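So the chains spell out like this:
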Amino acid sequence: MNRFAALRALAHDAGLQLAYRDIAGVRQVARVEQLLATLRALGIPIRTPEEAATLLRERWQARLERRCEPVHVWTHGRGTPRLRLLLPAEPRGRFELLVRSENDDVLHLVVSSEELTTVQPAAPLAPSLDFTCMQVELPLHYRLPIGYHEVEIACPDGRITRTLLMVRPATVRPPEDVGLNSVWGVFLPLYAAWREEPRDGATYRRLQELAAWTRQCGGALVGTLPLLPTFLGDDPYDPSPYAPVSRLAWSEFFVDLRALPLPVDVEEYQLTTVPGASGTRLVDYQTSWQQRFAALKVASHQLAQQPALRQEIETWLDTHPILAEYARFRAAVDRFGRPSRWSSSLRVELLRSEVGPGEPAWPYAVAQWLAAQQIATVGHDALYLDLPLGVHPEGFDVWRWPHLFATDASAGAPPDPFFAEGQVWGFPPLHPERVREDGYRYVRAVFTHHLGTARLLRIDHVMGFHRLYWVPAQASGREGVYVRYPAEEYYAVLAIESYRTGCAVAGEDLGTVPRAVRQAMAREGLLRLWVLPFERRNGTFTTPPRLCVASLDTHDLPPFAALWDEWGQDIQRAVVAWLASAGFLEQHTAPRLNDVIGALLRFLGSSDAAVVLVNLEDLWGERQPQNRPGTGLEQPNWRRLTQYGMADFATTPVVLELLKTLNRAREKSRQRAASAPTRPSHDRLGKGV
């Protein structure tokens, strides 16, 4: 066998994509060096192409020894579940199966070799390896309920293997199941929100107030950036909500201690800001966190002195053991710095240590208890949450489950016209094979943490369910390789958890996304994102589909006023003419910005889109972005407060009139949908199971 053919076969077998088409449609082929580095990042010990054939044989031998893939997926109500096995020869005899459900019910099944379907040879994509085995499908003649089922299989030759069978609903929760029929909501980063003065901002109380005000205006949802914890000390320091310490905890920074019946020093707890460009105010995270954490330590000590509250906190921690571990981790980072510098003995010590009053971890544990309560007060039905793609490389999740992450690589994006050198995002991707072997327990916990709290969840970079661009350590963004993920299994976990929690799902699918990804999203019931500048066709726009969240912009784009300026007079005139001809704008030769925004809100509001999301800053013509993609701490990303506080914008006539315009358009859209012929039933979730 040609050594490069063996390398390509090994790479394909490990999930590497040997080539892809870039944004210009040009086919980019991975070089040998890229394949070798990415294979090593996956934990495959290869140094030269000559080793590929041996390593490929070893992988297939390991599969044959295992007999069964670690995970299987079956859609509830669609025929008979079947398990795929690899066997050294055509079987003769009985297979005995023990199926254990999540409530520990055990089912005993027997399948004879005569009942097998699809008995055929299987081999690597490298015939010259002279390695063959038999692939068979084992039917389970039993109607299993939606959920996760551990299956133990005793083969006729006595070999025992195990797999996780995920029985899933046909789709995630449809938007209409949770009342998302022609509704609208507002978007605002929580760190940017304040009420009467900047010092009273960035707390969960502001989120509660924003949700209540939105409902009064007729809106249904409040969208915000991820509410997960970030590193805000000296080292590490990274305030990006897309580089969280964990995807299983909530941000302690936003906890409002003033909601407690305790003598908290309000002056010490206020938000600290510094001047930014053009009169803006920027959050001083480090100073603010230092002050807030000092107050949190005092408050947590006071809570421990009240027996009933202390018992409530300790009971809550007993039911959330992973958050107790998280609290110990955060306290250790405060004391010892970055976990990548810790000794192995410290890890063992942390996992054995206690979380209780007087311990360094106690304030973090109390903060998680408070955060969970205060987010719940906002209301499940009001929240549109955002789930980031990754976690900080020094964060809790990577420290706690290092085997699940490819720590010798970073997720990123290939070169495009905006980033000629590609992008290196700086966080380790999940290892596709090890996550499967773990039964997706970490992924399940992450989904549940978010889906159980929101009415609608946005999955950042949903293409990551299918493939992710890996950049090996020390390589540039030009030297990455796409690695495939078992999308069917990710969607299965998402569907099960969405079904259980009653939360609909939207997928961030902006930019260059393969057609197969959007087809899968539609098949799975995910809403896509319809964002105005990406849907512009000269002076007109595409029509938002029903299964979408439609908006004028995103947090990664300039606000609409800045986009409008960038378009220039020719495009502006064309857009105005189209809006006027479509009946969304009275004919004006030079309409005001507010008139254009109002017309666009009528356009979006009258569409079939399930949700229209309005960035509140667009309503008063903000031009400064919240984030400049491709930049880091040198820019004021994730720090800028809104120009106006809630006490001002909540009563501003222009803001209220624009929201009334949208609300009227949404009401007409709902009325039109109600009078239209009934759509085919979307009740595919197996509710009677």
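All figures in this text were calculated on a predicted structure; none of them were measured in a lab.

1. Description of the overall build of the protein
Here is step 1: A tally of regular secondary structure across the protein gives 19 helices and 28 strands.
Here is step 2: In terms of overall dimensions, the protein has C-alpha extents of about 80 × 65 × 55 Å along its principal axes.
Here is step 3: Looking at the 689 residues of the protein, the share that counts as buried comes to 57%.
Here is step 4: Residue pairs at least 24 apart in sequence account for 70% of intrachain contacts in the protein once pairs closer than 6 positions are excluded.
Here is step 5: Of the roughly 29200 Å² that the protein leaves accessible, carbon and sulfur atoms contribute 49%.
Here is step 6: Averaged over its 75 positive side-chain charges, the protein has a centre that lies 4 Å from the centre of its 78 negative ones.

2. Considering helix H16 (residues 560-581)
Here is step 1: With 22 residues, H16 should reach 32 Å at 1.5 Å per residue; the first-to-last C-alpha distance of 21 Å falls well below that figure.
Here is step 2: At Gly568, H16 is deflected by roughly 110°, the largest bend along its length.
Here is step 3: By the burial criterion, the buried members of H16 are Phe560, Ala561, Ala562, Leu563, Trp564, Trp567, Gln572, Val575, Val576, Trp578, Leu579 and Ala580.
Here is step 4: Of the residues one or two after H16, Gly583 is the one with positive phi, at around 85°.

3. Let's talk about the sheet that holds strand S7 (residues 117-122)
Here is step 1: Read across the sheet, three strands follow the order S4-S8-S7 without closing on themselves; strand pairing throughout is antiparallel. Of all strands in the sheet, those with a lone pairing partner are strand S4 (82-87) and S7, marking the two edges. Across the sheet, the axes of successive neighbouring strands diverge by a mean angle of 20°, strand direction being ignored.
Here is step 2: With six bridges joining them, S4 and strand S8 (residues 133-139) adopt antiparallel strand pairing. Following the sheet pairing, Leu85 is matched in S8 by Val136.
Here is step 3: Against the sheet, helix H3 (residues 52-66) engages S4, S7 and S8, with an angle of about 120° to S4.

4. As for the side chain of His392
Here is step 1: As for its placement among the helices and strands, His392 is situated in the loop between strand S17 (383-387) and helix H11 (396-400).
Here is step 2: Separated by 3.0 Å, the side chain of His392 and the backbone nitrogen of Glu394 make a polar contact.
Here is step 3: Sequence-distant contacts of His392, that is, excluding residues within four places in its chain, are made with Phe231, Pro236, Asp238, Ala243, Pro244 and Val398.

5. Side note on the packing of helix H1 (residues 3-13) against H3
Here is step 1: It is at 8 Å that the axes of H1 and H3 come closest, and there the two elements cross at 35°. Read as a crossing pair, H1 and H3 show a hand that is left-handed. Note on element contacts: H3 touches H1 through Ala52, Ala53, Leu55, Leu56, Arg59, Trp60 and Arg63, opposite Ala6, Leu7, Ala9, Leu10 and Asp13.

6. Observations concerning the pairing of strand S24 (residues 527-531)
Here is step 1: Counting buried positions along S24 yields five of five residues, so the element is predominantly enclosed.
Here is step 2: The alternating pattern of S24 places Leu527, Leu529 and Val531 on one face and Arg528 and Trp530 on the opposite face, and all of these are buried.
Here is step 3: Sheet topology note: the strand S23 (residues 504-507)/S24 ladder contains two bridges and is parallel. Counted as the bridge partner of Ala506 is Leu527 from S24.
Here is step 4: You can see the chain leave S23, run along helix H15 (residues 515-524) and come back into S24, and the turn it takes is right-handed.
Here is step 5: Bridge analysis of S24 against strand S27 (residues 548-551) gives four bridges, and the strand direction is parallel. Note on S27: the bridge partner recorded for Trp530 is Ala550.

7. Side note on helix H6 (residues 285-304)
Here is step 1: Here H6 is 20 residues long and its end C-alpha atoms lie 27 Å apart, about the 28 Å a rise of 1.5 Å per residue gives.
Here is step 2: Looking at H6, one finds that the buried residues are Tyr285, Ser288, Trp289, Arg292, Phe293, Ala295, Leu296, Ala299, Ser300, Leu303 and Ala304.

8. Description of the packing of aromatic side chains
Here is step 1: The full count for this structure, using the stated rule, is 38 aromatic pairs.
Here is step 2: Between the aromatic rings of Tyr242 and Trp638, the centroid separation amounts to 5.6 Å while the plane-to-plane angle is 50°, which identifies the pairing as tilted. Highlighted residues: Tyr242 in the loop between strand S14 (237-238) and helix H5 (266-269) and Trp638 in the loop between strand S28 (611-615) and helix H18 (646-649), separated in sequence by 396 residues.
Here is step 3: Each residue in the set Tyr326, Phe329, Trp342, Phe396, Trp399, Trp401, Phe405 and Tyr442 is aromatic and connected to the rest through ring pairs, giving one cluster.
Here is step 4: Between Arg467 and the ring centre of Tyr482, over which it is positioned, the NZ or CZ distance is 3.8 Å.
Here is step 5: Its end group placed over the ring of Trp567, Arg536 keeps NZ or CZ at 5.0 Å from the ring centre.

9. Notes on the pairing of strand S21 (residues 467-472)
Here is step 1: Of all the six residues making up S21, six are buried; the element is thus mostly covered by neighbouring parts of the structure.
Here is step 2: Residues Arg467, Tyr469 and Val471 line one face of S21 and the alternating positions Leu468, Trp470 and Pro472 line the opposite face, and both faces are buried.
Here is step 3: Of the strand pairs in this sheet, strand S18 (residues 409-413) and S21 are connected by four bridges, and their pairing is antiparallel. Paired with Ser410 across the two strands is Val471, which belongs to S21.
Here is step 4: With four bridges joining them, S21 and strand S22 (residues 481-484) adopt antiparallel strand pairing. Residue pairing in the sheet places Leu468 in a bridge with Val483 of S22.

10. Brief notes about the layout of surface pockets
Here is step 1: In this model, the second largest pocket occupies a volume close to 1100 Å³.
Here is step 2: Forming the boundary of the second largest pocket are 37 residues, of which Asp13, Arg63, Glu69, Glu433 and Arg436 lie nearest the centre.
Here is step 3: If you list the elements that add at least two residues to the lining of the second largest pocket, you get H1, H3, strand S3 (71-75), S4, helix H12 (432-437) and helix H14 (487-501).

11. Topic: the side chain of Thr280
Here is step 1: Within the secondary structure, Thr280 is located in the loop between strand S15 (273-275) and strand S16 (281-283).
Here is step 2: At 2.8 Å, the side chain of Thr280 forms a polar contact with the backbone oxygen of Ala277.
Here is step 3: Here Thr280 is in contact with Val274, Pro275 and Arg640, once residues within four sequence places are set aside.

12. A short note on unusual backbone geometry
Here is step 1: Omega for the peptide link from Asp235 to Pro236 comes to 0°, which places this bond in the cis form.
Here is step 2: In this fold, Pro236 is placed in the loop between strand S13 (231-232) and S14.
Here is step 3: A positive phi is found at Asp104, a non-glycine position, where the angle reads about 75°.
Here is step 4: Note that Asp104 resides in the loop between strand S5 (94-100) and strand S6 (106-112).
Here is step 5: A positive phi angle, near 60°, is found at Asn538, a position not held by glycine.
Here is step 6: If you trace the backbone, Asn538 turns up in the loop between strand S25 (536-537) and strand S26 (540-541).

13. A few points about the sheet that holds S6
Here is step 1: Pairing is mixed across the open sheet formed by five strands, whose spatial order is S3-S10-S9-S5-S6. In this open sheet, the two edge strands, each paired with only one partner strand, are S3 and S6. Neighbour-to-neighbour, the strand axes of the sheet open up by a mean angle of 25°, direction not taken into account.
Here is step 2: By the bridge criterion, five bridges tie S3 to strand S10 (residues 160-168) in an arrangement that is parallel. Looking at S10, one finds that Thr75 is bridged to Arg168.
Here is step 3: Of the strands in this sheet, S3, strand S9 (147-154) and S10 are in contact with H14, which crosses S10 at around 55°.

14. A word on the nonpolar core
Here is step 1: Counting 212 residues, the largest nonpolar core has Met166, Tyr442 and Phe560 as its most contacted members.
Here is step 2: Take this core: its biggest share by element is 10 residues, from helix H10 (residues 362-378).
Here is step 3: The contact partners of Phe560, leaving out residues within four places of it in the chain, are Leu532, Leu552, Asp553, Trp567, Leu593, Val596, Ile597, Leu600 and Asp618.
Here is step 4: Ranked by size, the runner-up nonpolar core spans 20 residues in total, among them Cys68, Leu109, Leu116 and Leu140.

About the criteria used
- Residues numbered from 1 in each chain as written.
- Predicted model: local features only at pLDDT ≥ 70, side-chain atom pairs only at ≥ 80, totals over all residues.
- Heavy atoms only, no water.
- Helix = DSSP H or I, 4+ residues; strand = E, 2+ residues; numbered from the N terminus.
- Buried < 20%, exposed > 50% of the residue type's maximum accessible area, 1.4 Å probe, protein only.
- Contact = heavy atoms within 4.5 Å.
- Areas by Shrake-Rupley, 256 points an atom, 1.4 Å probe, with all protein chains shown as cover.
- Lys, Arg positive; Asp, Glu negative; His and termini not counted.
- Charge placed at Lys NZ, Arg CZ, Asp CG, Glu CD.
- Expected span 1.5 Å × (residues − 1).
- Bend = angle between axes of the 7 residues up to and from the residue.
- Pairing = 2+ DSSP bridges.
- Axes fitted to C-alpha atoms, helices over the stretch in contact; angles between N-to-C directions.
- Polar contact = N/O pair within 3.5 Å; in protein donor to acceptor, adjacent residues only side chain to side chain.
- Left-handed = near helix turned anticlockwise from the far one by under 90°.
- Right-handed = clockwise from strand over helix to strand, strands pointing away.
- Phe/Tyr/Trp six-rings, centres within 6.5 Å; stacked < 30°, edge-to-face > 60°.
- Lys NZ or Arg CZ within 6 Å of the ring centre and 35° of its normal.
- 1 Å grid on protein atoms, 1.4 Å probe; cavity = no way out; pocket = protein on both sides within 12 Å on 5 of 7 lines; lining within 4 Å.
- Points joined across faces, edges and corners; volume = space filled by probe spheres on them.
- Core = buried A, V, L, I, M, F, W, Y, C linked by side-chain atoms within 4.5 Å.

Bear in mind that shape data such as this cannot, by itself, settle questions of function.
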